Amino acid sequence: GRVEKGGHRHWMAKEIAEQPAVLDTALAHYIHDGAIRLPEGDVDFSDVTRIVMVACGTAFYACLTAKYWIERLAGVPVEVDVASEFRYREPPITDGTLAIFVSQSGETADTLAALRYCEGRARIVSVVNVETSSIARASDVALPILAGREIGVASTKAFTCQLAVLGVLALKAAQDRGTLSAAEIRSHLEDLTRVPALIAQALNLEDDLSDIARDLSEARDILFIGRGPMYPLALEGALKLKEISYIHAEGYASGELKHGPIALVDDSVPVIVFAPSDDLFGKTVSNMQEVMARGGRVVLVSDAQGLKAQPGSWHSAQMPHAPDLWGPLLYAIPAQLLAYHTAVAKGTDVDQPRNLAKSVTVE
Ligand code: G6P
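The structure contained in this document is the topic of the report that follows. The shown structure was predicted, so the numbers you read here are calculated from the model rather than taken from an experiment.

**Describing the overall build of the chain**
Part 1 of the reasoning: The helix and strand tally for the chain stands at 13 helices and 12 strands.
Part 2 of the reasoning: In summary, the chain has a C-alpha radius of gyration of 20 Å against a globular reference of 21 Å for 363 residues, a match within 12%.
Part 3 of the reasoning: Projected onto the principal axes, the alpha-carbon positions of the chain cover approximately 55 × 45 × 40 Å.
Part 4 of the reasoning: The proportion of buried residues among the 363 residues of the chain is 53%.
Part 5 of the reasoning: Relative to all contacts within the chain whose residues are 6 or more apart in sequence, the contacts with residues 24 or more apart total 74%.

Take a look at the structure:
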């Protein structure tokens, strides 16, 4: 009933709403007196020459986001792979490789097999929600995301908590390698600790987003676009939507639109654009204008500055201004709420979508 779901209709709604609180908990675990701490064991990036990150589903998109952070902040090359490809490709693991496995359940069969392949070849770090899981136990260091039990099949709070822990790791890498000053690290950590309150503000957009979702629920195909760290979020937004609403959705890097998907655009295809007003905003906007010129229905998710610079979209949602770097955590909220309310409008089984399992423990 509703009581166990804290008054919410679905577990997914409860888990979306919990994010400010669980993120506070996760960040307090890893940030102490404004500095990074890793209570479960150090992850030393000083001599790391390459990082491979492996996961499935939503956790894979968390890894793709972290690649942008780690490469930009610490200058270490990062490869990201889905576990089912990694394990059978048997990629070379060169000296100095750090392998990071991200899994909510810690029991996903492909991710565990990918980890086994790296045993004895690389130092193994995992980022997990279930601390007693197989993946946690097989790791040199297992970092808990502290999201609490996640029941909805479509991952929400685990995703943002994974991002929070990976964000701290990216800053740890920069600290170990001396690529950022102590003051820069402190300031990025401070920004990160402000994210839960910004997420609480973004949650206030729920009514607006549910109005937009009612229109989205009539569509047959929906595109999601973003640039830079908003590109993985476009992939996650599309995954979330298709998982629970059964509407066909694809995420694309904004710059790839003209290499194919723009052929699909007409006035029946909504295009959801995640574009905080950052360095890449102008580029994303020109992609958006290409969509609008073809009659495409743009839903622009941006901040006050971005919406002012780019009026005329079909729908828009005004987000709080995102701190440099941490936009993906904040913009995960509209991605989740749009998917959730579209599914509610369609009347699908939000918490138990057809054909999907919470944890895929067989291949
Ligand atoms: C399933 C779930 C997804 C999840 C993925 C990876 O597909 O439905 O929500 O992202 O598995 O699961 P893991 O537990 O490894 O994060």
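**Details of the sheet that holds strand S9 (residues 248-253)**
Part 1 of the reasoning: Spatially, the 5 strands line up as an open sheet ordered S9-S8-S10-S11-S12, and their pairing is parallel. Both outer strands of the open sheet, S9 and strand S12 (315-319), are each paired with one neighbouring strand and no more. Within the sheet, the average angular offset between the axes of one strand and its neighbour, ignoring direction, is 15 degrees.
Part 2 of the reasoning: Relative to strand S11 (residues 297-303), strand S10 (residues 270-274) runs parallel, the two being bridged by 5 bridges. Residue pairing for S11: valine 271 is matched across the bridge by valine 298.
Part 3 of the reasoning: Against the sheet, helix H10 (residues 230-245) touches strand S8 (221-226), S9 and S10, its axis set at about 175 degrees to S9.
Part 4 of the reasoning: Lying on the sheet, helix H13 (residues 327-346) is in contact with S10, S11 and S12; it crosses S12 at an angle near 140 degrees.

**Focus on unusual backbone geometry**
Part 1 of the reasoning: With a phi angle near 60 degrees, leucine 146 is a residue other than glycine that sits in the positive phi range.
Part 2 of the reasoning: Structurally, leucine 146 can be placed in the loop between strand S7 (141-144) and helix H7 (157-177).
Part 3 of the reasoning: Residues other than glycine seldom take positive phi values, yet asparagine 355 does so here, at roughly 65 degrees.
Part 4 of the reasoning: Position of asparagine 355 relative to the elements: it lies in the segment after H13.

**Focus on helix H11 (residues 281-293)**
Part 1 of the reasoning: With 13 residues, H11 extends 18 Å from end C-alpha to end C-alpha; this agrees with the ideal 18 Å at 1.5 Å per step.
Part 2 of the reasoning: Within the span of H11, buried status applies to Thr284, Val285, Asn287, Met288 and Val291. An end-on view of H11 places all buried positions within 160 degrees of arc, on one side of the element. Pointing more than 90 degrees away from the buried face of H11 are the exposed residues Gly282, Ser286 and Ala293.
Part 3 of the reasoning: On the buried face of H11, the contacting elements are S8, S10 and S11.
Part 4 of the reasoning: One or two steps after H11, the chain reaches glycine 295, where phi turns positive at roughly 80 degrees.

**Details of the site of the ligand**
Part 1 of the reasoning: Near the ligand lie 16 residues; those nearest to it are Gly57, Thr58, Ser103, Ser105 and Thr108.
Part 2 of the reasoning: At 3 residues, the largest contribution of residues to the shell around the ligand is made by helix H3 (residues 57-74).
Part 3 of the reasoning: In terms of residue class, the shell around the ligand is built from 6 nonpolar, 9 polar and 1 charged.

**Some thoughts on the pairing of strand S4 (residues 78-82)**
Part 1 of the reasoning: Two strands pair when backbone bridges link them, and strand S3 (residues 50-55) and S4 are joined in this way by 5 bridges, in the parallel orientation. The residue bridging valine 54 from the neighbouring strand is aspartate 81, located in S4.
Part 2 of the reasoning: What joins S3 to S4 is H3, and the crossover it makes is right-handed.

Thresholds applied
- Residues numbered from 1 in each chain as written.
- Predicted model: local features only at pLDDT ≥ 70, side-chain atom pairs only at ≥ 80, totals over all residues.
- Helix = DSSP H or I, 4+ residues; strand = E, 2+ residues; numbered from the N terminus.
- Rg over C-alpha atoms; globule rule 2.2 N^0.38 Å.
- Buried ≥ 20, exposed ≤ 12 C-beta atoms within 10 Å, placed from the backbone.
- Contact = placed C-beta atoms within 7 Å.
- Pairing = 2+ DSSP bridges.
- Axes fitted to C-alpha atoms, helices over the stretch in contact; angles between N-to-C directions.
- Expected span 1.5 Å × (residues − 1).
- Arc of directions from axis to C-beta.
- Near = placed C-beta within 6 Å.
- Nonpolar A, V, L, I, M, F, W, Y, C, P; charged D, E, K, R; others polar.
- Right-handed = clockwise from strand over helix to strand, strands pointing away.

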